[in-house]
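The primary structure of each chain is shown beneath.
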2 protein chains.
Amino acid sequence: MSPFRPEIDHMSGYRPGEQPQEGGWIKLNTNENPYPASPRVVEALTAAAQGKLNLYPDPLGTEFCLAAAATLGLDPDWILPGNGSDEVLTVLTRSFAGATDQIAYPYPSYILYETLANLQGVRHARLPLEPDWSWNFDTVGKTIEQSKLIFVPNPNSPSGNRWAFDDLLALVPPHGMLVLDEAYGDFADHPHRCELLNSTAGKQIVVTRTLSKSYSLAGIRFGFAIAHPDTIVGLRKVKDSYNCDVLALAAATAAIVDQDWMHQNTARIRQTRHRLAVQLKQRGFTVVDSQTNFVWVTHPSGQHRTIYEDLKAKKILVRHMVFEEVSWAKDHCLDGLRITVGTDAEIDCLLDALNW
Amino acid sequence: MSPFRPEIDHMSGYRPGEQPQEGGWIKLNTNENPYPASPRVVEALTAAAQGKLNLYPDPLGTEFCLAAAATLGLDPDWILPGNGSDEVLTVLTRSFAGATDQIAYPYPSYILYETLANLQGVRHARLPLEPDWSWNFDTVGKTIEQSKLIFVPNPNSPSGNRWAFDDLLALVPPHGMLVLDEAYGDFADHPHRCELLNSTAGKQIVVTRTLSKSYSLAGIRFGFAIAHPDTIVGLRKVKDSYNCDVLALAAATAAIVDQDWMHQNTARIRQTRHRLAVQLKQRGFTVVDSQTNFVWVTHPSGQHRTIYEDLKAKKILVRHMVFEEVSWAKDHCLDGLRITVGTDAEIDCLLDALNW
């Protein structure tokens, strides 16, 4: 007999995304930033490597909190650092979702929220999005009311669109918390600045950010939550005591101080994104207007799997995604390609390789 | 109304151990290793800092698993790397403890297991230890039978004693899993080598290790589980996908390859531990025979709080610990001092400062 909780046994095993270890690939499949991290990060890490690694890190990540708060115009007690925003989302789930509570999230969207609900062993419900990725509050209103915790990635993945403040406020559950996962927020034309935390519903909102994408630091695993200090105090009880190591804290602090570097790279990615979208449309693809570092594209032929495989044969990886049970999709199955915005040279290779 | 689960609201807030940030302290309170990490770790980190930080790490930590497995004489699929053994213990709790299950652990012992059970929202029970830190299986047998998951630190904290294989096998719950937390295992005179994983109860046992203590790497947060591959496959579903960052993986791999460095430092600590115990006994303290990098001491006067404060006034930090509801202790309250084995020079300062 398996010793695992039945929920765990019923889950399918973790399948890592394609991460070829040998060189020669153009990786446009996991939304990594193609540009390197700030040179200040490398300096900070080199110094930290010479430090007292035998001692525990600061359990609260005070220096990072001070730096992040200064950038955001908040007090440091609004910040909770985490081992990637994955860990922050796990902590939020464990903090708010009790045995009889329900978690909800948009669909099609980031599939991790469903996994988190399954791991927590709680009920979960999808909030179906419209074909143009907008909300129909007549459809989702009741589920919102019944939920304790709602995860909303804004901008959304795989679509790349971003929702406006009014929509987001309508997503706050009357008796629960709304988590705005802003992993891709810095790539928007006009990034949000946690404005909703100052709204009347502000105490029911948590914003999460990551340094993986806009700060080019997927390798160091660093994310953070931004919320009212009362919420942060509670979340601290749930996280592991020393959840961020000295090196990640040093790297993250250096990265967030160097806002210019991040802004330069996100600006370059916005430019390339525009060019990529125009070119794909010229080739007959449908492209959602993206506020992220990826684009969601479909082709009238529906041959997304074939396109993915053709590209892979040429050592270019994009993400072929399939979402079942989508009422408005052909055969109730939405599929398409999510393509990360790489460097201009990488995108040129992609466009050359795309024989469509 | 609080949005937190009631279990979280009822928990007291996290109180970080005393980690003075300014210099001049002798820190003998959190069982850090006083010796630096292997020079190979610093080299590996310096190289990794120059690497592709913009890309995600290997989600399975393959290189570390290969290195650890070679050291232990196991196959790499017996290893699960984690963000400190804290994360590994959290993953184990979430994997095995369902809503109606019970977690048990010795008492007095490491208080984290109780916190993990509270966070998971499941029943928990203490397995009371005898005054000489041995087991009375007549007393604890029924609780063991009723438990799904049992955590046992071996060697134990705060006492520092280690239990024999026969005792450990008697702790395997008939319908559940035994976790042997070997955080301090490398400091034993004759360290265990996961022998019990090959016993008939082997599939019901998970061993956890950390690089924080014997490898002098508390700052990088790295631990791992060792268990049958069927168990590891299940645990992988529960951990965050990218739970270990590229730097921690590089440091951990370099550290575990350099076994000589670790053995040198643990040997030094064993020598100092012996000297410390002898000297404390000469001063009238009762000292438990320790197999760890700390000693548990009590004084007939019972003035442990005062001793702790006297030392603190001299900038020497030790840990004053109080365990309530201990049937055999005076007023049912066991208190004493847990003193980390520092360098010889640090221990000399401690002994000079101890006016008892």
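Note that this is a predicted model, so its numbers are computed, not measured.

1. Points about the overall build of chain A
Right, on to step 1. When you go through chain A residue by residue, the secondary structure sums to 12 helices and 12 strands.
Right, on to step 2. On C-alpha atoms alone, chain A measures out to a radius of gyration of 20 Å, which is about the 21 Å that the 2.2 N^0.38 rule sets for 356 residues.
Right, on to step 3. For chain A, the C-alpha atoms occupy an extent of roughly 55 × 50 × 50 Å along the three principal directions.
Right, on to step 4. Across the 356 residues of chain A, 52% fall into the buried class.
Right, on to step 5. For chain A, contacts bridging at least 24 residues in sequence account for 71% of all contacts bridging at least 6.

2. Considering the relation of the copies chain A and chain B
Right, on to step 1. At an RMSD of 0.0 Å, chain A and chain B line up after a rotation of 180° and a shift of 0.0 Å along the axis. Both copies are brought into coincidence by an operation consistent with a two-fold rotation axis. Considering only C-alpha atoms, the residue of chain A closest to the rotation axis is Thr46(A), which sits at 2.7 Å.

3. Observations concerning the nonpolar core
Right, on to step 1. Core analysis: the biggest nonpolar cluster contains 212 residues, and Ala251(A), Leu217(B) and Ala251(B) have the highest contact counts within it.
Right, on to step 2. Every residue in contact with Leu217(B), bar those within four places of it in the chain, is listed here: Leu53(A), Asn54(A), Ala37(B), Val41(B), Leu211(B), Ser212(B), Phe222(B), Ala251(B) and Ala255(B).

4. Quick word on the interface of chain A and chain B
Right, on to step 1. Each partner contributes to the interface: chain A provides 63 residues, whereas chain B provides 63 residues.
Right, on to step 2. Where the side of chain A that touches chain B is concerned, the elements lending two or more residues are helix H2 (39-49), helix H4 (84-96), helix H8 (229-238) and helix H9 (246-257) of chain A.
Right, on to step 3. With 7 residues, H4(A) is the single largest residue contributor to the side of chain A that touches chain B.
Right, on to step 4. Looking at the side of chain A that touches chain B, its residues break down into 32 nonpolar, 19 polar and 12 charged.

5. Comments concerning the pairing of strand E8 (residues 223-226) of chain A
If a strand is regular, its side chains alternate between the two faces of the sheet.
All names here are of chain A.
Right, on to step 1. Here E8 shows no split at all, with Gly223 and Ala225 on one side and Phe224 and Ile226 on the other all buried.
Right, on to step 2. As judged from the 4 bridges shared by strand E2 (residues 79-82) and E8, these two strands associate in the antiparallel manner. Residue pairing in the sheet places leucine 80 in a bridge with alanine 225 of E8.
Right, on to step 3. Looking at chain direction, strand E7 (residues 205-210) and E8 are connected through 4 bridges and run antiparallel. Along E8, the bridge assignment pairs threonine 210 with glycine 223.

6. Points about the domain arrangement of chain A
Residue and element names in this part refer to chain A.
Right, on to step 1. Here the domain parsing of chain A yields domain 1 (6-35 + 263-353) and domain 2 (39-259).
Right, on to step 2. Each of domain 1 and domain 2 has a C-alpha centre, and these two points are 23 Å apart.
Right, on to step 3. Of the residues lining the interface, 27 residues belong to domain 1; the matching set on domain 2 comes to 22 residues.
Right, on to step 4. Secondary-structure elements contributing two or more residues to the side of domain 1 that touches domain 2 are helix H10 (259-282), strand E10 (294-298), strand E11 (316-324) and strand E12 (333-340).
Right, on to step 5. Take the side of domain 1 that touches domain 2: its biggest share by element is 5 residues, from H10.
Right, on to step 6. For the side of domain 1 that touches domain 2, the residue count by class is 12 nonpolar, 10 polar and 5 charged.

7. Some details on the sheet that holds strand E4 (residues 123-128) of chain A
All names here are of chain A.
Right, on to step 1. The mixed open sheet is built from 7 strands, whose spatial order is E2-E8-E7-E6-E5-E3-E4. Edge strands, defined here as strands with exactly one partner in the open sheet, are E2 and E4. Shown here is a sheet whose adjacent strand axes are inclined to one another by a mean of 20°, direction ignored.
Right, on to step 2. Pairing of strand E5 (residues 149-153) with strand E6 (residues 177-181), which is carried by 5 bridges, proceeds in the parallel orientation. Within the sheet, the bridge partner assigned to isoleucine 150 lies in E6 and is leucine 178.
Right, on to step 3. Strands in contact with H4 are E2, strand E3 (102-107), E5, E6, E7 and E8; relative to E7, the strand with the most contacts, it is inclined by about 160°.
Right, on to step 4. The sheet strands contacting helix H6 (residues 137-146) are E3, E4 and E5, and the helix crosses E4 at an angle near 150°.

8. Observations regarding the packing of H2(A) against helix H2 (residues 39-49) of chain B
Right, on to step 1. In contact at an axis separation of 9 Å, H2(A) and H2(B) are set at 175° when each is read in the N-to-C sense. Classified by the interaxial angle, the pair formed by H2(A) and H2(B) is roughly antiparallel. Mapping the contact onto sequence places Val42(A), Leu45(A), Thr46(A) and Ala49(A) in H2(A) and Val42(B), Leu45(B), Thr46(B) and Ala49(B) in H2(B).
Right, on to step 2. When the residues that make up the contact of H2(A) with H2(B) are grouped by side-chain class, the tally is 6 nonpolar, 2 polar and no charged.

9. What about the sheet that holds strand E12 (residues 333-340) of chain B?
All names here are of chain B.
Right, on to step 1. Strand order in the open sheet formed by 5 strands is E1-E11-E12-E10-E9, and the pairing between neighbours is mixed. The open sheet has two free edges, formed respectively by strand E1 (26-28) and strand E9 (286-287), since each of these has just one partner strand.
Right, on to step 2. Where E9 meets strand E10 (residues 294-298), 2 bridges bridge the pair, whose relative direction is antiparallel. Across the sheet, residue valine 287 finds its bridge partner in E10, namely valine 297.

10. Considerations on the pairing of E10(A)
Residues and elements named next belong to chain A.
Right, on to step 1. Within E10, 4 of the 5 residues are buried, leaving the element largely enclosed by the surrounding structure.
Right, on to step 2. Between the antiparallel neighbours strand E9 (residues 286-287) and E10 lie 6 residues.
Right, on to step 3. Where E10 meets E12, 4 bridges bridge the pair, whose relative direction is antiparallel. Its bridge partner lying in E12, tryptophan 296 is registered against arginine 338.

What counts and what doesn't
- Positions within a chain are numbered from 1, following the residues in the order the chain's sequence is written.
- Lettering for chains starts from A, numbering for ligands starts from 1, and both go in the order in which the items are written.
- Given that the model is predicted, a residue must reach a pLDDT of at least 70 before its local features are reported, and side-chain atom pairs must reach 80 or more before they are shown or counted; all residues, however, enter totals for whole chains, interfaces and linings.
- Segments assigned H or I by DSSP are reported as helices when at least four residues long, segments assigned E as strands when at least two residues long, and all are numbered from the N terminus.
- Both definitions apply: the radius of gyration is a C-alpha atom measure, and the globule rule equals 2.2 Å times residues to the power 0.38.
- Three classes are used. A residue is buried when 20 or more other C-beta atoms lie within 10 Å of its own, exposed when 12 or fewer do, and partly exposed in between, with C-beta atoms placed from the backbone.
- Remark: residues whose backbone-derived C-beta atoms lie within 7 Å of one another are considered to be in contact.
- To superpose the copies, least squares is applied to the C-alpha atoms of every residue with a pLDDT of at least 70 in both.
- In this usage, the nonpolar core is the set of buried Ala, Val, Leu, Ile, Met, Phe, Trp, Tyr and Cys residues whose C-beta atoms join them within 7 Å.
- When residues are grouped by polarity, Ala, Val, Leu, Ile, Met, Phe, Trp, Tyr, Cys and Pro land in nonpolar, Asp, Glu, Lys and Arg in charged, and all others, Gly among them, in polar.
- Two strands are counted as paired when DSSP detects at least two bridges linking them.
- The split into domains, and so the bounds of each, comes from an automatic or database assignment of domains.
- Helix axes are fitted only over the stretch in contact, all axes being lines through C-alpha atoms; the angle between N-to-C directions runs from 0 to 180 degrees.
- For classification purposes, an angle smaller than 35 degrees is called roughly parallel, one larger than 145 roughly antiparallel, one from 65 to 115 roughly perpendicular, and anything else oblique.

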